[in-house]
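# Summary of the model geometry
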Amino acid sequence: MEDMAAHVGASRTPQEVMEHYVSMYIHGNLGKACIPDTIPNRVTDHTCPSGGPLSPSLTTPLPPLDISVAEQQQLGYMPLRDDYEIEYDQDAETLISGLSVNYDDDDVEIELKRAHVDMYVRKLKERQRRKNIARDYNLVPAFLGKDKKDKEKTPKRKITKEEKELRLKLRPLYQFMSCKEFEDFFENMHKERVLRAKIRELQRYRRNGITKMEESAEYEAARHKREKRKENKNIASSKRGKEDGKEGEFAAIENLPGFELLSDREKVLCSSLNLSPARYVTVKTIIIKDHLQKRQGIPSKSRLPSYLDKVLKKRILNFLTESGWISRDAS
C-alpha cells in the first residue's frame, strides 16, 4: 500500500488508498460483478471430522505424558518423541527401510513402492490411533495405578456388579467412541434402566388401583409388612421341617432302651446301621475293653456277639477310631 500511495501522490495516505480500493473495487459494482458469493472450485473434505477414527489428525503428535522418570523407564516411554521402545506393529518400518528411487524403475516397480509407502502410512495412523485411545481413556495412569487416586478425589455414583459386566462387554466400543461419548452412552443406558423400572412400578400401582403418588407410600408400607409376614412364615415352617426331620430320622430307635446314652453321632450311626442302642453299647464296650487289654499286654480273645457281621464290625471300628476311643493300629 505504501508503493500505491507513493504512486498516487503525497495527498493520500496508505490507509486511505486501501480503503478506496476496497470500497470501489471489492465491495463496489466491479467486485459484485466479478467476485462470486460462493467459490465453486473450493475443495471441502467430507471424509471424516477432526478426531474421528480415520481423520488425518490422528498422525498429529500428542503432548508428552506427565509421568516421572522411573515410570518412563518402566514403560519404555520417550517423552520428547512421544514414542515407546516397543510400539504397535514394531516391524512396520521394514516396509520402507529398503526402498530406494531409481531412474530406471518401470511403472510396476514405482507402483509397488508407492503401495509399500501407503501400507506404512496406514500402520503409522493405526499406531497413532491406539495412542490416542490410550491417552483418551487414561490407560497409562490405570496401568501405573494413578487412576485409583483420581477416583478417590472425584467420587461418582457406585457402579453395580451388573454394570461392571456390561462395561466389559461394551469395551470393544472404546476404539470407535471417545471417552466422553462412551461415558455419556453408559450413563444414558443407566438412566434408561431406571426409567424402565419406574414405569413398571407405576404400571403396578395402576393395576392395584393407585392413581396418586400420595397413596403409593401407604401401599408400599402394607406390601412390605405382608412380605415380612410371609418371610417369617417360611422361616418358621422350614425350622419345623428340620426338627420334624431330625425326629423322624431317629423314630425307629428313639423308644428303645439305651437311646438316651448315645451321642448325636452315635444315634446317626445306629440309625444308619439299623442297630439297636443296647446292642451298639454292648459292642462298643467289648471293643474298648479288648483294646485296653492289648495295650496292657494282656492277651484277649474277641468275644463279639454273633449278630455282628464283618460289615457292621468294620463300620463301628472306623467310627470308634475317628472318635478317638481306640487307636488306629487296633482297628
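To start, this report covers the structure provided alongside it. (Residues numbered from 1 in each chain as written. Predicted model: local features only at pLDDT ≥ 70, side-chain atom pairs only at ≥ 80, totals over all residues. Heavy atoms only, no water.)

## Concerning the overall build of the chain
What the chain contains, in helices and strands, is 13 helices and two strands. Across the 331 residues that make up the chain, the buried fraction comes to 23%. Contacts in the chain between residues at least 24 apart in sequence constitute 44% of all its contacts with a sequence separation of at least 6. Put simply, the chain shows about 25900 Å² of open surface, and 55% of that area lies on carbon and sulfur atoms. (Helix = DSSP H or I, 4+ residues; strand = E, 2+ residues; numbered from the N terminus. Buried < 20%, exposed > 50% of the residue type's maximum accessible area, 1.4 Å probe, protein only. Contact = heavy atoms within 4.5 Å. Areas by Shrake-Rupley, 256 points an atom, 1.4 Å probe, with all protein chains shown as cover.)

## Some details on the packing of aromatic side chains
For the structure on display, the rule yields seven aromatic pairs. Both rings, one in Tyr77 and one in Tyr84, keep their centres 5.1 Å apart while their planes meet at 50°; by these two values the pair is tilted. Consider the rings of Tyr137 and Tyr174, whose centres lie 4.3 Å apart with planes at 15°: the pair is stacked. Here Tyr174 lies in the loop between helix H8 (161-169) and helix H9 (179-207) and Tyr137 lies in the loop between helix H5 (107-136) and helix H6 (139-144), a separation of 37 residues in the sequence. Each member of the pair Tyr137 and Tyr174 is classed as buried. A cation over a ring is seen here: Arg130 above Tyr88, with NZ or CZ 3.9 Å from the ring centre. (Phe/Tyr/Trp six-rings, centres within 6.5 Å; stacked < 30°, edge-to-face > 60°. Lys NZ or Arg CZ within 6 Å of the ring centre and 35° of its normal.)

## Let's talk about the nonpolar core
By size, the foremost hydrophobic cluster in this structure holds 19 residues, and its most contacted members are Leu273, Tyr280, Ile287, Ile316, Leu320 and Ile326. Of all the elements in the fold, those that place two or more residues in this core are helix H11 (264-273), helix H12 (277-295) and helix H13 (310-323). Take this core: its biggest share by element is five residues, from H13. Other than its neighbours up to four places away in sequence, Leu273 contacts Leu312, Arg315 and Ile316. Core analysis: the second largest hydrophobic core is formed by eight residues, Ile133, Tyr174, Phe182 and Phe186 among them. (Core = buried A, V, L, I, M, F, W, Y, C linked by side-chain atoms within 4.5 Å.)

## With respect to a nonpolar patch on the surface
A contiguous nonpolar surface patch, about 660 Å² in accessible area, is contributed by Met4, Tyr21, Met24, Tyr25, Ile26, Leu30 and Ile35. Considering each element in turn, the nonpolar patch owes the most residues, four residues, to helix H2 (residues 14-26). With respect to the helices, strands and loops of the structure, Ile26 is situated in helix H2. (Patch = residues over 30% accessible without salt bridge, like charges linked within 9 Å, V, L, I, M, F, W, Y side chains within 5 Å. Salt bridge = Lys/Arg side-chain N within 4 Å of Asp/Glu carboxyl O.)

## Let's talk about the side chain of Glu266
Tracing the backbone through its elements, the reader meets Glu266 in helix H11. Judged by relative accessible area, Glu266 falls into the buried class, the value being 5%. Here Lys284 takes part through its side chain, which lies 2.9 Å from a polar atom of the side chain of Glu266. (Polar contact = N/O pair within 3.5 Å; in protein donor to acceptor, adjacent residues only side chain to side chain.)

## Looking at unusual backbone geometry
Glycine aside, residues mostly have negative phi, and peptide bonds are mostly found in the trans state. Despite not being glycine, Asn138 has its phi angle at roughly 55°, a positive value. Relative to the helices and strands, Asn138 resides in the loop between H5 and H6. For Asn138, a relative accessible area of 43% corresponds to the partly exposed category. For Asn274, which is not glycine, the phi dihedral falls at a positive 55°. Of note, Asn274 is situated in the loop between H11 and H12. Look at Asn274 and you get exposed, because its relative accessible area is 68%.

## Points about the environment of Val17
Considering the arrangement of structural elements, one finds Val17 in helix H2. Assessed through its relative accessible area of 8%, Val17 is described here as buried. Considered as a pair, Val17 and Glu2 are 15 residues apart in the sequence and their alpha carbons are 8.8 Å apart.

## Structural notes on the environment of Gly76
Summarising the element assignment, Gly76 is placed in the loop between helix H4 (69-75) and strand S1 (77-78). Overall, the relative accessible area of 7% leaves Gly76 in the buried class. With 11 residues separating them in the primary sequence, Gly76 and Glu87 have C-alpha atoms 9.8 Å apart. When near neighbours in sequence (up to four residues on either side) are disregarded, Gly76 contacts Asp83, Tyr84 and Glu85.

## Describing the packing of H11 against H13
One way to put it is that H11 packs onto H13 with a least axis distance of 12 Å and a crossing angle of 170°. In terms of their interaxial angle, H11 and H13 are classed as roughly antiparallel. Residue-level contacts link Arg265, Glu266, Leu269, Ser272 and Leu273 of H11 to Leu312, Arg315, Ile316, Phe319, Glu322 and Ser323 of H13. Of the residues in the contact of H11 with H13, the class split is five nonpolar, two polar and four charged. (Axes fitted to C-alpha atoms, helices over the stretch in contact; angles between N-to-C directions. Parallel < 35°, antiparallel > 145°, perpendicular 65-115°, else oblique. Nonpolar A, V, L, I, M, F, W, Y, C, P; charged D, E, K, R; others polar.)

## A word on a negative patch on the surface
Judged by side-chain charge, Asp104, Asp106, Asp107 and Glu109 come together as a negatively charged surface patch. For Asp106, the location among the structural elements is in the loop between strand S2 (83-84) and H5. (Lys, Arg positive; Asp, Glu negative; His and termini not counted. Charge placed at Lys NZ, Arg CZ, Asp CG, Glu CD.)

## A short note on the pattern of salt bridges
One pass over the structure, following the stated rule, counts 19 salt bridges. Across the pair Arg167 and Glu183 runs a salt bridge, and its minimum N-O distance is 3.2 Å. In this pair, Arg167 is assigned in helix H8 and Glu183 in helix H9, connecting sequence segments 16 residues apart. Glu183 gets classed as partly exposed once you look at its relative accessible area, which sits at 23%. Between Glu227 and Arg223 there is a salt bridge whose closest N-O contact spans 2.8 Å.

Purely geometric numbers; function is a separate question.
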